[in-house]
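Residue-level structural notes
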Amino acid sequence: ASPAAMASEQMSAALDPLSALASAPKPVAKAATKPQPAAPAPVAEFDVAGILGRSQRVVPKPAATGGYSSAPVLSQPSAPAPAVVARAPVASAAAPAPAAPVGPGAADVVIGEKVLESCALKNVFAILPNYHSEIEGMIACTDYRFSFRVRKAPNGKSGLPASCMWMHPTRANFFDVPFGLVAFVEPRTRAAAGTGMVDHIVDVRTKDFRQFSLNFRSDEEAQKTFVSLMDTFAFPGGPSKLFCCKAGKGPEDDTDNGWQLYDPHQEYLRLGCNDKSPWEISALNMSYRLCATYPQVLVFPRDMTEKELTECARFRKKNRLITMSWCSPELNYASLWRCSQGTEGFGPFGKGRCPEDEKMLKSISRNQHLLVLDLRPYTTALACKAFGKGGMESANTQDVSMDVKFGNMHNIHHVRNGWRDMGAAVGAVRLGSASAEWWGSVASSHWYDYVGVVLQNVLLIMDHLSKRQNVVIHCSDGWDRTAQASSLVMICMDAEYRSIRGFCKVIQKEFCSFGHQFKTRAAIGHKATDEASPIFVQWLDCVYQIVRQFPDCFEFGEDLLLRLTHEVYSNRYGTFLEDCEALRTAHVQPYARSLWPVLLADSRYRNPGYNPRAGQLRPRVHAPALVVWERYWFRYHEHGNPEPAEVAPVSAPVVEQASSNPIRSMTDFLNDEEDPPAEGNGSPSRSAKPPRQNRFAVDKADKDLDLFKD
């Protein structure tokens with residue numbers, strides 16, 4: 001083979017996560033102290049939960065050399081046997097991690113990931129939009145992802161058509177899908193042309209705009225198995241059933257715990273909230289007794305009493321009273337405050353005015369001009385007040401010099417529709433076509449109109465803070481548009497948040513701690529409802545616009561932002577699970593890993609041109625200054641994955657425990673599905689149904705590689 005071909009094969013092997021996972025070294029754990037239970041009764045082959053319940057550990061058979069053979073054998077259920085786990089790779093502290101692709105689509109081995117051999121489905125055909133032929137392959141699964149593996153061509157090369165080579169694992173890795181990224185699964189049937197048989201098909205759409213169908217031909221049970229697999233892993237329900245909580249924490253979490261990265265006391269002290277400040281750190285919300293969706297540590301004006309603060313919470317929607325996000329001692333403690341809308345309503349439909357809330361506004365103003373920025377359109381705020389669902393402040397509030405403005409930021413439904421329309425515009429792009437429809441489609445999606453409005457409000461807030469005036473912002477509930485605006489202001493005003501550590505802190509503080517509904521908005525663990533919306537992705541696009549305009553002011557770049565667009569949906573870490581700090585602390589934090597230590601430890605995300613310096617950043621927000629975030633929108637499109645001019649070898653994934661004891665590869669335990677059919681046999685006949693043991697092999701091939709479990 002030519003050097004280029006050999007390099008391509010090496011890269012393909014390095015970027016195939018399932019093969020890398022199965023070929024990881026397997027140390028021998030301590031002998032089991034309890035006898036294994038008797039085998040349960042057989043289960044239906046399309047019952048994925050039942051199949052997983054009867055899985056067994058793999059025990060390599062000792063080789064004559066004292067090591068292990070490359071062919072593991074199943075332990076017998078009736079006798080105790082040493083359990084062997086294959087641990088996912090983690091970089092050693094003594095050696096730096098090798099270079100690897102960064103961002104979504106870069107294959108890696110996930111801590112705690114288990115190979116599900118019993119769920120391997122063979123003789124499956126992928127159907128792609130705008131491609132009329134079906135691609136033959138198989139489905140391989142772990143408890144974190146599923147992957148469609150294309151059958152090799154007779155010459156040993158990839159079986160992908162030339163027009164689809166951008167989907168190859170060395171480029172987009174299109175068919176490797178974490179279960180958390182699955183947005184839509186719909187089984188259907190169709191009559192097979194000219195055969196009188198019925199095709200059993202499953203349509204799949206993901207949260208990153210991948211779309212394809214899987215044709216199981218006449219095998220209805222295989223179709224049911226795949227749908228059951230999606231129900232079990234993509235839409236399992238509560239956080240305890242998600243991958244990150246089942247996989248557990250790694251040993252490194254004991255020494256570098258990302259859950260404590262953001263210390264609210266230390267952060268507020270850094271912002272000048274000490275004895276000399278007009279603002280006071282409060283423990284009133286300890287045990288979340290004042291507001292269930294706020295963090296426990298809050299900051300209020302020093303002259304507000306506990307009783308008054310309690311009344312303020314009752315007045316604001318969902319008890320989300322006014323509290324401080326940021327201040328600057330250098331600007332005479334000019335500060336940014338956040339909350340939800342009031343509930344005064346009109347006449348008998350609302351609660352009327354709240355003297356305690358008005359006193360709060362006066363205390364925040366410090367006898368200066370105060371800006372109250374309602375981030376909603378005026379008509380939306382007025383409608384909420386008219387129907388008794390909320391309200392808006394009045395510029396005529398007694399004893400307060402206050403200016404009330406409206407930010408015209410659209411709600412979650414507009415953002416979701418704009419995101420979908422933008423995705424549709426990307427999907428309609430065809431290489432080689434000079435059609436001007438692209439620009440019209442981008443404009444009609446209004447996605448970058450919405451991004452521009454967010455950034456306009458950021459500049460408005462910065463203008464008032466720079467004049468040493470205080471600002472109060474809110475939307476309806478104070479956890480979507482409010483979080484976007486407050487965090488962007490903090491990034492532009494405070495250089496601390498432009499470091500990687502500071503950036504992680506601002507996300508943890510303004511989104512995670514202050515109750516952005518990640519579970520609801522990102523549809524984590526369940527199918528999307530009408531409340532799902534890519535608010536966090538829109539915010540990341542706003543950050544991208546700022547980073548692109550001031551690249552040397554940030555310790556990180558586009559790669560870290562792309563990683564976040566992936567991890568917010570992946571279920572790999574617990575950072576973005578649940579809808580508020582209280583639920584996350586109780587149901588996720590004890591069991592799951594945090595994303596932050598991973599980002600902080602990875603040197604690939606560090607900007608070599610970073611020049612930390614204080615000062616404000618004022619991004620340009622007029623339309624020509626905003627650009628399409630190509631690496632996000634075209635991640636799974638041919639335009640974003642051009643053919644490389646030269647293919648170079650890529651280092652294999654990093655391993656946690658070096659060992660010379662190999663185990664068989666994923667290709668081995670999935671039989672020879674990726675190999676071309678024997679000469680003269682051709683593809684499987686549509687009329688001849690393959691033997692059941694070759695498709696599922698429930699009794700003999702259900703070997704649970706229990707990775708990262710001691």
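All values reported here derive from a predicted model rather than from experimental measurement. (Residues numbered from 1 in each chain as written. Predicted model: local features only at pLDDT ≥ 70, side-chain atom pairs only at ≥ 80, totals over all residues. Heavy atoms only, no water.)

A few points about the pairing of strand S14 (residues 334–339)
Operational definition: Partly exposed describes any residue whose relative accessible area lies between the buried limit of under 20% and the exposed limit of over 50%, with all areas from a 1.4 Å probe on protein chains only and scaled to the type maximum. Secondary structure elements follow DSSP: runs of H or I no shorter than four residues count as helices, runs of E no shorter than two count as strands, and numbering proceeds from the N terminus. Only strands that DSSP links by at least two bridges are regarded as paired with each other.
Burial of S14 is extensive: six of the six residues sit out of reach of the surface. Going residue by residue along S14, you find Ala 334, Leu 336 and Arg 338 tucked away on one face and Ser 335, Trp 337 and Cys 339 tucked away on the opposite face as well. Here strand S13 (residues 323–328) pairs with S14 via five bridges, running antiparallel. Note that in S14 the partner of Cys 327 across the bridge is Ser 335. Here S13 folds back onto S14 in antiparallel fashion, the turn holding five residues, of which Asn 332 has a positive phi close to 60°. When S14 meets strand S17 (residues 470–474), the two strands line up parallel, connected through four bridges. Paired with Trp 337 across the two strands is Val 472, which belongs to S17.

A closer look at the packing of helix H13 (residues 481–493) against helix H16 (residues 535–549)
Packed helices, taken two at a time, are described by the angle their axes make and the gap between the axes. Put simply, the test is: Comment: axis = line fitted to C-alpha atoms, over the contacting stretch for helices; angle = value between 0 and 180 degrees taken between N-to-C directions. We call two directions roughly parallel when the angle between them is under 35 degrees, roughly antiparallel when it is over 145, roughly perpendicular when it lies between 65 and 115, and oblique otherwise. A crossing counts as left-handed when the near helix is turned anticlockwise from the far one by less than a right angle, and as right-handed when that turn is clockwise. Contacts: residue pairs with any heavy atoms within 4.5 Å of one another.
At a minimum axis distance of 11 Å, the contact between H13 and H16 shows a crossing angle of 25°. Judged on the interaxial angle alone, H16 and H13 are roughly parallel. The element H13 and its partner H16 pack so that their crossing is right-handed. Contacts between H13 and H16 involve Gln 484, Ser 487, Leu 488, Ile 491 and Cys 492 on the former and, on the latter, Ile 535, Gln 538, Trp 539, Cys 542, Val 543 and Ile 546.

Thoughts on unusual backbone geometry
The phi dihedral of Tyr 288 falls on the positive side, at around 60°, and the residue is not glycine. Structurally, the position occupied by Tyr 288 is in the loop between strand S11 (279–282) and strand S12 (298–301). For Arg 468, which is not glycine, the phi torsion reads 65° and is therefore positive. The topology assignment puts Arg 468 in the loop between helix H12 (447–466) and S17.

Let's talk about H16
Note the following rule: To estimate how far a helix should extend, the number of its residues minus one is multiplied by 1.5 Å.
The end-to-end C-alpha separation of H16 is 22 Å, in line with the 21 Å expected for 15 residues at 1.5 Å each. For H16, the buried fraction is high: 14 of the 15 residues fall into the buried class.

Describing the side chain of Ser 340
Short version of the rule: Polar contacts here mean pairs of N or O atoms no more than 3.5 Å apart (in protein, one a potential hydrogen donor and the other a potential acceptor; neighbouring residues in sequence count only if both atoms are side-chain atoms).
Residue placement: Ser 340 occurs in the loop between S14 and helix H8 (355–365). A distance of 2.7 Å separates a polar atom in the side chain of Ser 340 from the backbone oxygen of Lys 317.

Notes on the pattern of salt bridges
For side chains of opposite charge, pairing can occur when their charged atoms come near one another. Which entries qualify depends on this criterion: Counted as salt bridges are all cases of a side-chain nitrogen of Lys or Arg within 4 Å of a carboxyl oxygen of Asp or Glu.
For the coordinates displayed, the defined rule picks out 35 salt bridges. Where Asp 208 meets Arg 210, a salt bridge forms, and the shortest distance between an N and an O atom there is 2.9 Å. For the residue pair Asp 208 and Arg 210, the accessibility class agrees, reading buried in each case. Of the charged contacts, one joins Arg 521 and Glu 531 as a salt bridge, the two residues approaching to 3.6 Å between their closest N and O atoms. Taken together, the residues Arg 521 in helix H15 (residues 518–521) and Glu 531 in the loop between H15 and H16 connect sequence positions ten residues apart.

A word on the state of the cysteines
Basically, it comes down to this: Our working definition of a disulfide is a cysteine sulfur pair at a distance within 2.5 Å.
Under the counting rule described, the total for this entry stands at zero disulfides. With no disulfide of its own, Cys 244 lies closest to Cys 245 among cysteine sulfurs, the gap being 4.1 Å. Cysteine Cys 475 shares no disulfide, and the gap to the nearest cysteine sulfur, in Cys 339, comes to 9.0 Å.

Observations regarding the nonpolar core
Applied cut-off: Here the nonpolar core consists of buried residues drawn from Ala, Val, Leu, Ile, Met, Phe, Trp, Tyr and Cys, with membership extended through side-chain atoms lying within 4.5 Å.
Ranked by internal contacts, the top residues of the largest apolar core, which has 164 residues, are Phe 146, Phe 503, Leu 564 and Trp 633. Examining the composition of this core, we find that eleven residues originate from one element, H12, more than from any other. Leave out the neighbours within four places in its chain, and Trp 633 touches Phe 209, Trp 419, Met 422, Gly 423, Val 426, Trp 447, Tyr 448, Asp 541 and Val 628.

Brief notes about the sheet that holds strand S9 (residues 198–206)
Across a sheet, strands are paired by hydrogen bonds formed along the backbone, either parallel or antiparallel in direction. Strand order in the open sheet formed by seven strands is S7-S6-S5-S4-S10-S9-S8, and the pairing between neighbours is antiparallel. With partners counted over all chains shown, the strands left at the sheet margins are strand S7 (176–178) and strand S8 (182–191), one partner each. Going across the sheet, the axis of each strand differs from the next one's by a mean of 30°, ignoring polarity. Where strand S6 (residues 145–150) lies against S7, three bridges are found, and the strand directions are antiparallel. Across the sheet, residue Phe 146 finds its bridge partner in S7, namely Val 177. Set on the sheet, helix H4 (residues 220–233) makes contact with strand S4 (121–127), strand S5 (135–141), S6, S8, S9 and strand S10 (211–215); between it and S9 the angle comes to about 20°.

Concerning the sheet that holds S13
Spatial strand order, S13-S14-S17-S15-S16: five strands in an open sheet with mixed pairing. The sheet is open, and its two edges are formed by S13 and strand S16 (402–406), each paired on a single side. For this sheet, the mean inter-axis angle between neighbouring strands, taken without regard to orientation, is 20°. Note that strand S15 (residues 370–374) and S17 share five bridges and pair parallel. By the bridge assignment, Leu 373 is partnered in S17 with Ile 473.

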